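So the chains spell out like this:
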Amino acid sequence: MRKKLFVLLVTGLILVPFLMGTATAETLKIGTLSPLTGPYAADGNDIVNGVKAAVTVVEAEGGIPGFDKIEVHPQDTACDPRQAVAAANKLINEEVVGVIGAYCSSSTIPASEALAEENIPMITPASTNEKVTERGLPYMFRMCGRDDDQSKIAGAFIKDYLKAKTIYLVDDKTTYSQGLAENVANVVQGLGIKVVAHDHVNQGDKDYSAVLTKIKDANPDVFYMSLQNSATGSLMAIQAKRFGLKCKIVSQDAVYHPQFISIAKEAAEGVYMTFGFTDKSKPAYKKYLAAYSGTHGEPGAYSGYSYDGAMVLLTAIKNAKSTDPAKIKAEIMKMDMDGASKHIKFMENGDSGSDYIIYTVAGGQFKNFWNPATGQLF
Amino acid sequence: MEFFLQQLINGLTLGGIYALIALGYTMVYGIIQLINFAHGEFFAAGGYMGVILLSYLAGQGYMETHPWLCMGGAMLLAMLFCSFLAMAVEKVAYLPLRKSSRLAALVSALGMSIFLSNGLMLTQGVYDKPYPTEFSQGGLEFGMITISYLQMMIVAVTIVLLVVLNILVFKTRIGKAMRATAQDKVMSALVGINSNRVISLTFAIGAGLAAAAGIMVGIYYGSVNYTMGFVPGIKAFAAAVLGGIGNITGAMLGGLIIGMVEIFGAGYISGQYKDVFAFIILILVLYFRPTGIMGENVDDTRV
């Protein structure tokens, strides 16, 4: 009798995880990695909001068969490589089926290596450093463009449209901003433009008077401002205006954010920046805007790419009818559709192509300015 | 020459801000030998109070008609608010630890700093808050040199505050009580000075000055952010140590030196090494004068 009871108990215990397993399998968990605290928290929250908007849309359209609900698990990287790895490991423990993130290239690269060990698909909405997709990781995808393409477009604009002869570059020493500034320096030198100097500032600084006085003294044709953050960009633009800098300011994708205009106000006018082209007349964009702005307000620079990233992941799971990474990847590679931010079609290495154009600020708004494909104004 | 003069003006503006923040560190250290790491957060709170008040005034249309009056009023209110905040922080985080080891109070200060900066993040959001200052672009031009009205205002307000503080500490009864408490808490209590109230007041004055710096930084640079207290806090702390921690004149001098070295380091050598130069100066001074430029004996403390 006692033996029977024992056997029953053991079988019961063995069965528990299976019963629990079927009970929890009805929730689909996806993770996000982005800086939710620290100086880049604004962009980090845009990413979480973009993913949440995508989940709302998917659930409103009937959800994913086999799952009751979709849960978003946001993790904070603080744009710090070590914290990014810890956050990635936490997501692995929470058994997420895919991750949208991270923001800073310096976080995405180490975090993706931790996720790759568990074969968890990762789609970065914002990391533009080339290395992100150059490491042969099978489950690494990128929604945004690449810095080598971005710097070529910036170089072409500076040479062909601005007709500059001299350039002064400033970056704030992050993997992303410094890498991009170096790329631009190489590109423009190849085009015969003289690099007057390549200076650096520190993250977290507010005062740029010293470096701006140097630029005023050097009087270049173009001042290339490569910063990790749009708020920093607006501080620099305000001070540049106050010092009476005559040169044209060209900046990059991290500065493209509504915040840049709301802080810099009239100092933002006439600043050029490279960012991916978005066709705002497409239905996919309108659907995204309605879902996003209803609950989260005005979209940030990377909200659209995050929304698309989450859409890609959820659609792939839906089509694959499975959360098996290999099947998800097969579905992602098959995709050929219009997203909110761009046309989604992935290449073999996980990139989805760059479509940078030149934007400018006019009348307190971002305007499409110069099309590198045609070399004409919009 | 013009380049040099322009950088000198830049350095003066930045140095003035550091000096205002450094005073809070030095006064608190002088009176209770505590390095108040939450001090940078009072600076950020002042900046936020400024943006809240000025946005309200701008919404009412007063910023258009009386900009200088609005800014002055907002600055006074922000200083008042941060003084009360600092007194509350002192009551909650430092007063109960007055009798315990200094290390306990230091850890409490670090905790308070994290608490306050995250409190700012949760209540005010993660995005930068823009100041509603439209007229901030004006200034005087002498050839290549540009001095904006705001730079002049920052330097002028800093000088006024420093003079008022000096009068307060060295010429009034309150100042005498503060200096007495700094020298010997027990002895000053015996002659009838309420040391707890004096310490509270010291915190309030230090935080008020930091709040003034915060609102000026906000107006001058155009926006505030919840992390803005950290870096200037560290720099101002270095300035206080450089000048001789506990010494008011030393903190002013230290702030100016750090600001100048930073600007000239970035202007003449390279922007990426400017912090390195500031801290090399700090190390050199401490090597030859371990108590800082104006510092006296370590035991003989002063406000």
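Please read these numbers as outputs of a predicted model, since none were measured by experiment.

Asker: Mind showing me how you'd approach helix α2 (residues 39–60) of chain B here?
Answerer: One turn of the α-helix equals 3.6 residues, which is why residues spaced by three or four share an orientation. Residues and elements named next belong to chain B. For α2, with 22 residues, the first-to-last C-alpha span of 32 Å sits near the 32 Å given by 1.5 Å per residue. Buried residues dominate α2, accounting for 16 of its 22 residues. Following α2 by one or two positions, G61 adopts a phi angle in the positive range, close to 90 degrees.

Asker: Looking at this model, I keep getting lost on the sheet that holds strand β14 (residues 365–371) of chain A. Mind explaining?
Answerer: In a beta sheet, neighbouring strands are held together by backbone hydrogen bonds and run either parallel or antiparallel to one another. All names here are of chain A. Taking strand neighbours across the sheet as the criterion, the 8 strands line up as β7-β6-β8-β9-β10-β13-β14-β15 in an open arrangement whose pairing is mixed. Two strands close off the open sheet at either side, each with one partner strand: β7 (194–200) and β15 (376–377). Pairing geometry for strand β6 (residues 166–171) and strand β8 (residues 222–226), over 5 bridges, is parallel. Note on β8: the bridge partner recorded for I167 is V222. Each of β6, β8, β9 (248–251), β10 (272–276), β13 (356–362) and β14 touches helix α5 (residues 147–161); the most contacted strand, β13, lies at about 60 degrees to it.

Asker: Would you explain the interface of chain A and chain B in this entry?
Answerer: Frequently, the measure chosen for interface size is the accessible area that the parts lose on association. Residue-level contacts link 33 residues of chain A with 31 residues of chain B. For the side of chain A that touches chain B, the secondary-structure elements that each account for two or more residues are α2 (41–60), β7, α7 (209–218), α8 (230–242) and α9 (258–264) of chain A.

Asker: Looking at this structure, how should I read the nonpolar core?
Answerer: When a protein is soluble and globular, its nonpolar side chains tend to lie buried together. Membership of the largest hydrophobic core comes to 218 residues, with the highest contact counts inside it found for C82(B) and A211(B). Examining the composition of this core, we find that 18 residues originate from one element, helix α9 (residues 195–221) of chain B, more than from any other. Looking at which domains feed residues into this core, each of domain 1 (28–145 + 280–354) and domain 2 (148–277 + 357–377) of chain A gives three or more. Here C82(B) is in contact with F42(B), A45(B), G46(B), M49(B), A207(B), G208(B), A210(B) and A211(B), once residues within four sequence places are set aside.

Asker: Help me understand helix α7 (residues 173–183) of chain B in this model?
Answerer: All names here are of chain B. Listing the buried residues of α7 in full gives A177, M178, T181 and A182. Projected onto a plane normal to the axis of α7, the buried residues spread over an arc of 135 degrees and lie on a single side. Buried residues along α7 sit in contact with α1 (2–32), α6 (149–171), α8 (185–190) and α9.

Asker: Looking at this model, I keep getting lost on the pairing of β7(A). Mind explaining?
Answerer: Side-chain positions along a regular strand alternate between the two faces of the sheet. Residues and elements named next belong to chain A. Here 6 bridges tie β6 to β7, and the two strands are oriented parallel to one another. Bridge pairing in β7 links Y168 to A197. You can see the chain leave β6, run along helix α6 (residues 175–190) and come back into β7, and the turn it takes is right-handed.

Asker: I'm lost on the packing of α6(B) against α7(B) in this one. Help?
Answerer: In a packed pair of helices, the relevant descriptors are the angle between the two axes and the axis-to-axis distance. Residues and elements named next belong to chain B. At their nearest, the axes of α6 and α7 sit 5 Å apart, and the two run at 70 degrees to each other. Of the possible angle classes, the one that applies to α6 and α7 is roughly perpendicular. Counting all contacts with α6, which are made through L168, V169, F170 and K171, the residues of α7 involved are I174, G175, M178 and R179. Considered class by class, the residues forming the contact of α6 with α7 number 5 nonpolar, 1 polar and 2 charged.

Asker: Please explain the domain arrangement of chain A as it appears in this structure.
Answerer: Residues and elements named next belong to chain A. With domains assigned, chain A is organised as domain 1 (28–145 + 280–354) and domain 2 (148–277 + 357–377). In this structure, domain 1 and domain 2 have C-alpha centres spaced 28 Å apart. Facing 17 residues of domain 1, the contacting portion of domain 2 comprises 18 residues. Residues belonging to the side of domain 1 that touches domain 2 are distributed by class as follows: 6 nonpolar, 8 polar and 3 charged.

Asker: Looking at this structure, how should I read the sheet that holds strand β1 (residues 27–34) of chain A?
Answerer: Residues and elements named next belong to chain A. Taking strand neighbours across the sheet as the criterion, the 5 strands line up as β2-β1-β3-β4-β5 in an open arrangement whose pairing is parallel. Every interior strand has two partners, whereas the edge strands, β2 (69–76) and β5 (140–142), have only one. Going across the sheet, the axis of each strand differs from the next one's by a mean of 25 degrees, ignoring polarity. Running over the sheet, helix α3 (residues 81–93) touches β1, β2 and β3 (98–101) and is turned about 155 degrees from β2.

Asker: Is there a simple way to explain the environment of V57(A) in this structure?
Answerer: Residues and elements named next belong to chain A. Summarising the element assignment, V57 is placed in helix α2. Separated by 58 residues in sequence, V57 and L115 have C-alpha atoms that sit 26 Å apart. Setting aside residues no more than four positions away along its own chain, V57 makes contact with K287 and A291.

Asker: What am I meant to see in the confidence of the model for chain B here?
Answerer: Low pLDDT means the predicted coordinates in that region are not meant to be read closely. Averaged over all residues, the pLDDT of chain B is 88; the fraction at 70 or higher stands at 96%. Note on the complex model: pTM 0.83, ipTM 0.81.

Parameters at a glance
- Residues numbered from 1 in each chain as written.
- Chains lettered and ligands numbered in written order.
- Predicted model: local features only at pLDDT ≥ 70, side-chain atom pairs only at ≥ 80, totals over all residues.
- Helix = DSSP H or I, 4+ residues; strand = E, 2+ residues; numbered from the N terminus.
- Expected span 1.5 Å × (residues − 1).
- Buried ≥ 20, exposed ≤ 12 C-beta atoms within 10 Å, placed from the backbone.
- Pairing = 2+ DSSP bridges.
- Contact = placed C-beta atoms within 7 Å.
- Axes fitted to C-alpha atoms, helices over the stretch in contact; angles between N-to-C directions.
- Core = buried A, V, L, I, M, F, W, Y, C linked by C-beta atoms within 7 Å.
- Domains from an automatic or database assignment.
- Arc of directions from axis to C-beta.
- Right-handed = clockwise from strand over helix to strand, strands pointing away.
- Parallel < 35°, antiparallel > 145°, perpendicular 65-115°, else oblique.
- Nonpolar A, V, L, I, M, F, W, Y, C, P; charged D, E, K, R; others polar.
- pLDDT = per-residue confidence, 0-100.

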